[in-house]
Amino acid sequence: MREYFANVKKVEYTDDRMKQGLCFRQYNADELVGGKTMKQQLKFSLAYWHTMCGEGSDPFGPGTAKRPWQSASSPMEMAKERVYAAFEIMQKLGIGYFCFHDRDIAPEGTTLKESNKNLDEIVSLVKKMMADTGIKLLWGTANLFSNPRFMHGASTSCNADVFAYSAAQVKKAMEVTKELGGENYVFWGGREGYETLLNTDMKREQDNMARFMHMAVDYAKEIGFDGQFLIEPKPKEPAKHQYDFDVASGIAFLRTYGLDSYFKFNVEANHATLAGHTFQHDLMVARINGMLGSIDANQGDMLLGWDTDQFPTDLYTTTLCMLEVLKMGGFTKGGLNFDAKPRRASYKPEDIFYAHAAGMDGFAKGLKAAQKIMDDGVLDRFVTERYSSYAAGIGKEISDGKADFKSLETYALDLKEIENSSGMQEYLESMLNEYIMSV
Ligand code: XLS
Ligand code: NI
Ligand code: NI
């Protein structure tokens, strides 16, 4: 087995924050935060598609990155070399998990049968590498968007043959995820939506999408797959409108079709912002509904209107994200998957390491700040105080369900001037700054 990154050593933590070069300045895997190690709290994962398959192409030009494994003699040889390179990267970075689409790890054949055969061969190699290294699978998924057959969608396609093909592909992807001990299985519906309503039967498409998910739930029971099903919402791109627009519309869909007890969400930062929300908003909507499963840890560029999938270095978003994770009691099956790619001009193989280290440091800092905010209880105390009118008197009656319009009218008719407290947003923002700077 050759070493692909001979000039990169295992990335180590240093407490010298001004140290130059490739190292962790915040992420110290074994350091305890909130009673668990950073490694346990953060559960970092490598996204196979970006890191192992991405080449830096964009609509205006081909890839800029030449990866050493691309010189292999055939697609299957390349797939094997990629596996070795992926495990080298994860080991050197101390990343304990990875995620993949079926077509990231093995090439598509001319028939599904051939694709499945390719997949089986690579999966047995992946399984061996997992056993050798202790690296685990966070989630698997099926690519139901790249091949031209998915032009109208997968489970929402107008073409029943495509529905059938998609079902067969997901069946296999679930089997493979189970085989590798995957902790979750993700549905991201890139083409499950529409380009124009002029040709779209929205009701049928959503009914079919729900039927498809029920079939997945049934099959999981049949094969004893106990991973968590996750929906990854995204409002648009590639489709103009995707049915899993954001967490709130995802919850409505799941409840409408009786699927809500089987699914949680994989919330991606850049998808939340594309939907016009903050990352924290979508995380909170999932958490307060008991449906925050896992996270695609990246960030967008607020000046650009698409999914730029950048490595997460913005400390406000990493801090507020980790606050949501801590408030749900930490990850169980989920983790932080770097669905992110280095910029097109960061084309050197070493940039893979610098980029992941930047994201890992960004989240380590966010975790430390979030834990301190939790421990000190500043924000919680403020919020509790802000709603204290519901702790007694008329507010308590409202909360306890003892008030009605008539009793409230009786109360309100004699009220003189109503006094409100201040929201103190600027003060809270400056406290957040202090927490980030102080840890
Ligand atoms: C694309 C999505 C995709 C999912 C997995 O925008 O983020 O990469 O994470 O299908
Ligand atoms: Ni994603
Ligand atoms: Ni994305």
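Definitions and limits used
Position numbers for residues count from 1 along each chain, tracking the sequence in the order it is written. Chains and ligands are labelled sequentially in the order written, the chains with letters from A and the ligands with numbers from 1. pLDDT decides what is reported in this predicted model: residues at 70 or higher carry local features, side-chain atom pairs at 80 or more are listed and counted, and totals for whole chains, interfaces and linings draw on all residues regardless. The side-chain numbers reported here are obtained from all heavy atoms of the structure, hydrogens and water having been left aside. Donor criterion used throughout: N, O or S atom within 2.8 Å of the metal, extended to 3.2 Å for Na, K and Ca. Water excluded; incomplete-looking sites may result. Irregular is the default label, applied whenever a site is not tetrahedral (four donors, all angles between 85 and 135 degrees) and neither square planar nor octahedral (four or six donors, opposite donors over 155 degrees apart, all other angles between 65 and 115). Strands are runs of DSSP state E lasting at least two residues, helices are runs of H or I lasting at least four, and both sets are numbered from the N terminus onward. Buried means the residue's accessible area, taken with a 1.4 Å probe over protein chains only, is under 20% of the maximum for its type, while exposed means over 50%, and partly exposed covers the values in between. Residues form patches when they are more than 30% accessible in relative terms and have no salt bridge. Like charges link within 9 Å. Nonpolar side chains (Val, Leu, Ile, Met, Phe, Trp, Tyr) link within 5 Å. Values of accessible area rely on a 1.4 Å probe in the Shrake-Rupley scheme; residue burial ignores everything except the protein chains shown. We count a salt bridge whenever a side-chain nitrogen from Lys or Arg sits within 4 Å of a carboxyl oxygen from Asp or Glu. Aromatic pairs are defined between Phe, Tyr and Trp rings, using the six-membered ring for Trp, whenever the two ring centres lie within 6.5 Å; interplanar angles under 30 degrees are classed as stacked, those over 60 as edge-to-face, and all others as tilted. Any residue with a heavy atom positioned within 4 Å of a molecule or strand is treated as near that molecule or strand. What qualifies as a polar contact is a pair of N or O atoms within 3.5 Å, subject to a donor-acceptor requirement within protein and to the restriction that residues adjacent in sequence count only when both atoms come from side chains. Cavity: a set of points on a 1 Å grid over the protein atoms alone where a 1.4 Å probe fits but cannot get out. Pocket: an open set with protein on both sides within 12 Å along at least five of seven lines, its lining residues, like those of a cavity, having an atom within 4 Å of a point. Grid points are joined across faces, edges and corners, and a volume is the space filled by probe spheres set on the points. Amino acid classes used here: Ala, Val, Leu, Ile, Met, Phe, Trp, Tyr, Cys and Pro are nonpolar; Asp, Glu, Lys and Arg are charged; the rest, including Gly, are polar.

Asker: Before we go on, may I ask you to explain the coordination of the nickel ion (ligand 2) in this structure?
Answerer: At this site the nickel ion (ligand 2) is bound by Glu232 (OE), Glu268 (OE), Asp296 (OD) and Asp339 (OD), with donor distances of 2.0 to 2.1 Å. One can describe the donor arrangement at the nickel ion (ligand 2) as octahedral, given that its six donor atoms subtend angles of 80 to 175° at the metal. In the primary sequence, the donor residues of the nickel ion (ligand 2) line up as E-x35-E-x27-D-x42-D. A spacing of 3.8 Å is found between the nickel ion (ligand 2) and the nickel ion (ligand 3), which share glutamate 268 as a donor. Here aspartate 339 lies in the loop between β12 (336-338) and α12 (349-376) and glutamate 268 lies in strand β10 (residues 263-268), a separation of 71 residues in the sequence. In this structure, glutamate 268 and aspartate 339 share a single accessibility class: buried.

Asker: Any chance you could explain a nonpolar patch on the surface here in plain terms?
Answerer: The grouping of Val383, Tyr387, Tyr390 and Ile398 at the surface amounts to a nonpolar patch, some 380 Å² of accessible area in total. Counting through the fold element by element, isoleucine 398 comes out in helix α14 (residues 393-399). Of the residues examined, isoleucine 398 reaches a relative accessible area of 39% and is grouped as partly exposed.

Asker: Just to check I follow, could you spell out unusual backbone geometry for this structure?
Answerer: Leave glycine aside and you will find that most residues have negative phi; peptide bonds, for their part, are mostly trans. A cis amide bond links glutamate 237 with the next residue in sequence, proline 238, at an omega value of 10°. As for its position among the elements, proline 238 is in the loop between β8 (228-231) and β9 (241-242). Positive phi values are uncommon outside glycine, yet glutamate 237 reaches one of about 70°. In this structure, methionine 424 is a non-glycine residue whose phi angle is positive, near 50°. Looking at the element boundaries, methionine 424 is found in the loop between α15 (405-413) and α16 (425-438).

Asker: Just checking my understanding: could you explain the coordination of the nickel ion (ligand 3) for this structure?
Answerer: Geometrically, a metal with four donors at the corners of a regular tetrahedron has ideal angles of 109.5 degrees, and one with six donors at the corners of a regular octahedron has ideal angles of 90 or 180 degrees. Those donors, Glu268 (OE), His271 (NE2) and Asp307 (OD), are the protein atoms that reach the nickel ion (ligand 3), and they lie 2.1 to 2.3 Å from it. Among the residues examined, glutamate 268 registers a relative accessible area of 1% and is labelled buried. The class for aspartate 307 is buried, based on a relative accessible area of 8%.

Asker: What is the right way to look at the packing of aromatic side chains in this model?
Answerer: Between two aromatic rings, the relevant description is the distance of the centres plus the angle of the planes. This model, assessed by the stated rule, comprises 20 aromatic pairs. Ring centres 5.4 Å apart and planes at 85° place the aromatic pair phenylalanine 163 and phenylalanine 212 in the edge-to-face group. With phenylalanine 163 in helix α6 (residues 160-179) and phenylalanine 212 in helix α7 (residues 202-223), this residue pair connects regions lying 49 residues apart in the sequence. With respect to class, phenylalanine 163 is no different from phenylalanine 212; both count as buried. Their ring planes at 55° and their centres at 6.4 Å tell us that tyrosine 194 and tyrosine 243 sit as a pair that is tilted. In this pair, tyrosine 194 is assigned in strand β7 (residues 193-194) and tyrosine 243 in the loop between β9 and α8 (247-256), connecting sequence segments 49 residues apart. Taking relative accessible area as the criterion, tyrosine 243 reaches 5% and is therefore assigned buried. Each residue in the set Phe24, Tyr27, Phe44, Phe311 and Phe338 is aromatic and connected to the rest through ring pairs, giving one cluster.

Asker: Is there a simple way to explain the site of ligand 1 in this structure?
Answerer: All residues adjacent to ligand 1 are Trp49, His101, Trp139, Trp188, Glu232, Lys234, Glu268, His271, Asp296, Asp307 and Asp339. Glutamate 268 has a polar side-chain atom sitting 2.8 Å from an oxygen atom of ligand 1. For ligand 1, an oxygen atom lies 2.9 Å from a polar atom in the side chain of aspartate 296. Computed on the free molecule, ligand 1 has an accessible area of 290 Å², of which 93% lies beneath the protein chains in the complex.

Asker: Mind showing me how you'd approach empty space enclosed by the protein here?
Answerer: The method is simple in principle: a probe with the dimensions of a water molecule rolls over the atoms, and the space it marks as empty is what remains. By the definition in use, this model includes two cavities of 30 Å³ or more. Here the largest cavity defines a volume of roughly 170 Å³. Considering the residues around the largest cavity, the lining is formed by 20 residues, among which Leu144, Phe187, Trp188, Gly189 and Glu192 are closest to the centre. Those elements that provide at least two residues to the lining of the largest cavity are β6 (184-187) and α7. Among the residues making up the lining of the largest cavity, the classes are represented as twelve nonpolar, five polar and three charged. In this structure, the second largest cavity spans a volume of roughly 30 Å³. The wall of the second largest cavity is formed by Pro233, Lys234, Phe245, Asp246, Val267, Glu268, His271, Ala272, Ala275 and Asp282. Counting residues per element, the ones that place at least two in the lining of the second largest cavity are β10 and α9 (269-274).

Note that all results are geometric; they support no functional claim without further evidence.
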